[in-house]
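Descriptive analysis of the structure
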Amino acid sequence: MTFEAKFIDITNWDELFHVNTGGTRDKMVVTDQKGEYHFFKGSKTSKDKSILYPQEFWSEIITSKIGAYLGFNLLDYNIGYKKEGLQEIGCISKTMIESDSYKLTEGKSYLSGADPNYRIKDQHKYTFQFIVKALEFSNTEHFIPEIIKIIIFDAIISNGDRHQENWAIILKGKKESSGFKKVELKYKNIVANALKKNFMEWYNINKEKRHIKKNKRSGGAKDKSITTFAPIYDSGSSLAREITNESVNKMLANDAMINKYIKRGPAEIRWEGEPKKISHFELIKKIKGLKEYEKIVSDEIKRIESIWKEQEMISILESIDTNLPPDLSNHKLSEARKKLIIKLITLRLNKLLNI
């Protein structure tokens, strides 16, 4: 099996809508010649539209390929190109929603369903225990192992941004008017006002609130076959994507600097009772310390250990930008950054395997 990053030219694809939120990543939904939907994302920008982290889209692509190699269920990201776009190079992924009978429901809907007073700004409440409680409330506690797997994966890639909108459950139900085309037509004139965030997220969240209330009255979604845990997505805030090229060279020449960087990075998901965020590794140790999850953590770490071979990972990293056309070679990753990413993943994997 190969884990190459494909190069996909979307210049002539149809753009469905473009959501540009200040201080985040530029996004758009496009349709290919077959009418299939894809998300194209650039790297994080500031309010003046300058690119803060030019390597962020590469982090998304690399985590996708490394995650797939390690056997995680990840959304597949590849290299997207849109000539004369705001950001001509970014990452592209196919939509996770196969048809109108499916809908993606983000974690924040489950959390607010379990606690109506919960708000995203209540960061201290966003704990592993609260996520467990929310999944139990909606009778989807069989997905707790998937949350643990995400935490373990984030430990490998140093992702510090696994917030409530960066994990989800896919629900299959009756065919509803949730298709992109119908939604776009119905709300075409109010997108600019309604969407300071992703419009499709806004639409699905409001619909999911009604779904949760309905499930609560009926005893919850007891039929596990109607839900699946979404592939891991939005992992771009990782792999030292915020480190400048100058600092990359400094880190490569200073092991103490790298170790300090690894130690400093916390997990977004907190642990109940801890006043501050803790590291991914501390979080995993605490989860493993709970009898009901000890085997899940141990088995997952053993599974990763049985797959990982450093040289194979190096080959994936070294060839990640091979398919970029020569005239776009300025967007390639530097050899120094590739070496740093390899070193970071190797050190973090060794740290994980010793838990």
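Residues numbered from 1 in each chain as written. Predicted model: local features only at pLDDT ≥ 70, side-chain atom pairs only at ≥ 80, totals over all residues. Heavy atoms only, no water.

Overview of the nonpolar core
Put simply, the test is: Nonpolar cores are built from buried Ala, Val, Leu, Ile, Met, Phe, Trp, Tyr and Cys residues. Side-chain atoms within 4.5 Å join them into one set. Classification of residues uses two cut-offs on accessible area relative to the type maximum, computed with a 1.4 Å probe and protein chains only: under 20% is buried, over 50% is exposed, and between them is partly exposed. Helix and strand definitions follow DSSP, with helices as H or I runs of at least four residues and strands as E runs of at least two, each counted in order from the N terminus. A contact between two residues is defined here by any heavy atoms of the two lying within 4.5 Å.
Ile 61, Phe 72, Phe 128, Ile 156, Ile 287 and Leu 352 are the most contacted members of the largest nonpolar core, which totals 89 residues. For this core, the element with the highest residue contribution is helix H4 (residues 144–157), accounting for 10 residues. Ignoring any residue separated from it by four or fewer positions in sequence, one finds Ile 156 in contact with Leu 70, Phe 72, Ile 304, Ile 345, Arg 348, Leu 349 and Leu 352.

Some details on helix H10 (residues 280–288)
Applicable threshold: What the arc covers is the set of directions going from the helix axis to the C-beta atoms.
Listed as buried for H10 are His 280, Phe 281, Leu 283, Ile 284 and Ile 287. Along the axis of H10, the buried positions cluster into a sector of 160°, meaning they face one direction only. Buried residues in H10 make contact with helix H3 (128–137), H4, helix H9 (255–264), helix H11 (291–307) and helix H13 (335–353).

Things to note about the pattern of salt bridges
Applicable threshold: Salt bridge, as used here, is a side-chain nitrogen of Lys or Arg placed within 4 Å of a carboxyl oxygen of Asp or Glu.
As enumerated under the stated definition, the model contains 19 salt bridges in all. Between Lys 125 and Asp 122 there is a salt bridge; the shortest N-O distance is 4.0 Å. The partly exposed category is assigned to Lys 125, whose relative accessible area is 31%. In this structure, Arg 241 and Glu 242 form a salt bridge, with 3.6 Å as the shortest nitrogen-oxygen distance. Residue classification places Arg 241 among the buried residues on the basis of a relative accessible area of 12%. Residues participating in the shared-partner salt-bridge network are Lys 41, Glu 60 and Asp 234.

The values are spatial; any link to function lies outside them.
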